[in-house]
Amino acid sequence: MTQRAKGPVVIVGAGIAGQQVALGLREKGFDGAVALVGEEPGAPYERPPLTKAYLRGDIGPGELEPRPAELYGRERIDLVRARAERIDRAGRAVVLDDGRRLPYDRLVLATGARNRPLRAPGSDLEGVFSLRTRREADALREALEEAGSIVVAGAGFIGLEFAASASAYGHKATIVESRARPLGRAVSAHTAAHFTSLHERHGAGFVFGEEVRALHGDRAGRVREAELTDGTRLPADLVLAAVGAAPDTRLAEGAGLPVDDGVAVDARLGTRDPRVLAVGDCAAVAPASGGGPRVRLESVQNALDQAEYAAERLARPDAGEDLPPYERLPWFWSDQYGSSLQIAGLAAGHDRAVLVGDGDEAFSVLLYRNGALAAVESVNRPAEHMAARHLLAAGRGPSPEQAAAPGFSLRAFARAAA
Amino acid sequence: MPKITYVAADAGERTVDVPVGTSVMRGAVSNGVPGIVAQCGGNAQCATCHVYVDPERYGGLPPMSEHEDAMLDTTACPRRETSRLSCQLKADADFEGLTVTTPERQR
Ligand SMILES: Cc1cc2nc3c(=O)[nH]c(=O)nc-3n(C[C@H](O)[C@H](O)[C@H](O)COP(=O)(O)OP(=O)(O)OC[C@H]3O[C@@H](n4cnc5c(N)ncnc54)[C@H](O)[C@@H]3O)c2cc1C
Ligand code: FES
């Protein structure tokens, strides 16, 4: 007899992935019990504004929540504010830090990622911050009002967006990055150069090829200086550690589930235990097309699309054993000083880049892997980004030669291909 | 607080009070009004907060940025003369009594 999972479904992690699994189950007609377990206070919220509008004070805390807090109750979603300590797979229950046991028929891990700590002595001084949660953003908003000199360790998206928002408070941050350019392997050299000069024009400075080696404080235990690997000492009374994030795989590991830079899941987001799925920042997903390494992404699109897929699976008869593999086009955005970057596809591993557009201020870069279009970065070119999304999703990108031809237009090409 | 009415493609209709300074998108989302997905949380990045504005009132709205204009070319349901991204419409006193219709699909 085929039947839907009757529940209970337990979801661990009440970030945007977790909340979308819970609400998605209801949208798809799932009627059983749903529990959403989250350790952070308050209702689920979105992280992107934490480095942008929220940090600048342009929006308030209520505007971070993608759904009103009351909705969960109305949809009979039990929002459990606790930390899940471990999974009892044999007993099919999640054990909470307050000792409660939540029995499950299906379990979804949506535990997200945690910021990597800055491994430098003095990281525990007052004035040294990390930025991932609303609480940390609140602390930083206060600190930005007072700060004199700011050092940012790490030129990833969070470090750069933070530095841009700090300039709205009148600060000129110094960004220390161990590589030779910002944003690592996430973007092309051209786009990295655009953001480097954008920051420099706004007064922020970079130190490339060095790391923050130690932080020095005063008697009161407040940070005063950042010491770099070349011995330079930069004045600093606010330091942001923005050296990347790591997937939170503790529950999976504790339960003996395979981990591979993330909770290892197959192309249908299932772990080795058929009752346990994983979605969002914590999930490392096997490619739909067989071979190749697992992919783990940290983006809103990825969290929401995977959550929706998981909800679809669980709401179906036989828990969606027949559902085709998860396959969605990744896209991402960042905003710095009003300059908008949008990325469709995945830039990592590209072997050829074709620049389209004239300026340094507005352009797209088409990135190829083995001759096939893999990603398009658009800076202040939203229409080209959307055209790129359509082309990449349909697998109909222009060849590098077509793209490099004078007068090439991504929008015209997409229109012709449609 | 301006009252804004959201009309769903399948005819349902809701009127809510939207505080001045709050976007038409946020007014819907925080009141549980369906029909607006707002995947990017109001950053004009996803075009899943598309609405059709009452034609009588369209001209009186704050102008759209080039960015919004471009994003509107790529909505899931066809763009019309009165299309806007609701996250880019911050309510002020002039929004009193505004009606917007949500498209059938946002994605
Ligand atoms: C500052 C910042 C800016 C960003 N900007 C952008 C952007 O512009 N565009 C973009 O696409 N993406 C952006 N991202 C990335 C995006 O926010 C993440 O990809 C997304 O939040 C992932 O959602 P998630 O639900 O998978 O994980 P998370 O958001 O990490 O949520 C997981 C939740 O689970 C909780 N949890 C973990 N373990 C347990 C447990 N055992 N028990 C109970 N609770 C637990 C955690 O506390 C957390 O609340 C940004 C991220 C940050 C931090
Ligand atoms: S909410 Fe994404 S464009 Fe308006």
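Residues numbered from 1 in each chain as written. Chains lettered and ligands numbered in written order. Predicted model: local features only at pLDDT ≥ 70, side-chain atom pairs only at ≥ 80, totals over all residues. Heavy atoms only, no water.

1. A look at the overall build of chain A
As a reminder of what qualifies: Numbered from the N terminus, helices here are DSSP runs of H or I no shorter than four residues, and strands are runs of E no shorter than two. Restricting the calculation to C-alpha atoms gives the radius of gyration, and the globule rule supplies 2.2 Å times the number of residues raised to the power 0.38. Burial classes follow relative accessibility: with a 1.4 Å probe on protein chains only, a residue under 20% of its type's maximum area counts as buried, one over 50% as exposed, and anything between as partly exposed. Using a 1.4 Å probe, accessible areas were evaluated by the Shrake-Rupley method; residue-level cover was limited to the displayed protein chains. When charges are counted, Lys and Arg contribute as positive and Asp and Glu as negative, whereas His and the chain ends are disregarded. A charged residue contributes its charge at one atom only: NZ of Lys, CZ of Arg, CG of Asp or CD of Glu.
Check the secondary structure of chain A and you find 11 helices and 25 strands. Relative to a compact globule of 418 residues, whose C-alpha radius of gyration would be 22 Å, chain A shows 23 Å and is just as compact. The buried share of chain A, reckoned over its 418 residues, is 55%. In the form shown here, chain A has an accessible surface area of approximately 17400 Å², with 48% of it arising from carbon and sulfur atoms. When the 51 basic and 56 acidic side-chain charges of chain A are each reduced to a single mean position, those positions are 5 Å apart.

2. Focus: the UniProt feature "domain: FAD/NAD(P)-binding" (unreviewed entry) in chain A
Spelled out, the test is: UniProt positions are given in the numbering used here, feature names are shortened, and annotations may be inferred rather than shown by experiment.
UniProt tags residues 9-307 of chain A as "domain: FAD/NAD(P)-binding" (unreviewed entry). The span residues 9-307 of chain A is 24% helical and 26% strand by assignment, and the distance between its end C-alpha atoms comes to 13 Å.

3. Observations regarding the pairing of strand β12 (residues 205-208) of chain A
Residue and element names in this part refer to chain A. Going by this rule: The criterion for strand pairing is that DSSP finds at least two bridges linking the strands in question. Convention used here: a crossover is right-handed provided that the path from the first strand, over the helix, to the second strand proceeds clockwise when the strands point away from the viewer.
Pairing of strand β11 (residues 174-177) with β12 involves 4 bridges; the strand directions are parallel. In the strand pairing of β12, threonine 174 is matched with glycine 205. For the handedness criterion, the β-α-β arrangement of β11, helix α6 (residues 189-201) and β12 is classed as right-handed.

4. A look at the site of ligand 1
Residue and element names in this part refer to chain A. Which entries qualify depends on this criterion: Near is defined per residue: the residue qualifies when any heavy atom it owns lies within 4 Å of the molecule or strand. Pairing of N or O atoms within 3.5 Å defines a polar contact, subject to two protein rules: one partner must be a possible hydrogen donor and the other a possible acceptor, and residues neighboring in sequence count only if both atoms are side-chain atoms. Classification convention: Asp, Glu, Lys, Arg as charged; Ala, Val, Leu, Ile, Met, Phe, Trp, Tyr, Cys, Pro as nonpolar; all other residues, Gly among them, as polar.
Around ligand 1, a shell composed of 33 residues is seen, among which Glu39, Glu40, Arg47, Lys52 and Asp281 lie nearest. Note that an oxygen atom of ligand 1 is positioned 3.5 Å from one of the backbone N or O atoms of alanine 113. One nitrogen or oxygen atom from the side chain of arginine 132 is found 2.8 Å from an oxygen atom belonging to ligand 1. Protein contact buries 96% of the 1000 Å² of open area that ligand 1 shows by itself. Breaking the shell around ligand 1 down by element, the ones donating at least two residues are α1 (16-27), β2 (34-38), α8 (300-315) and β21 (331-336). Taken together, the residues of the shell around ligand 1 sort by class into 16 nonpolar, 8 polar and 9 charged.

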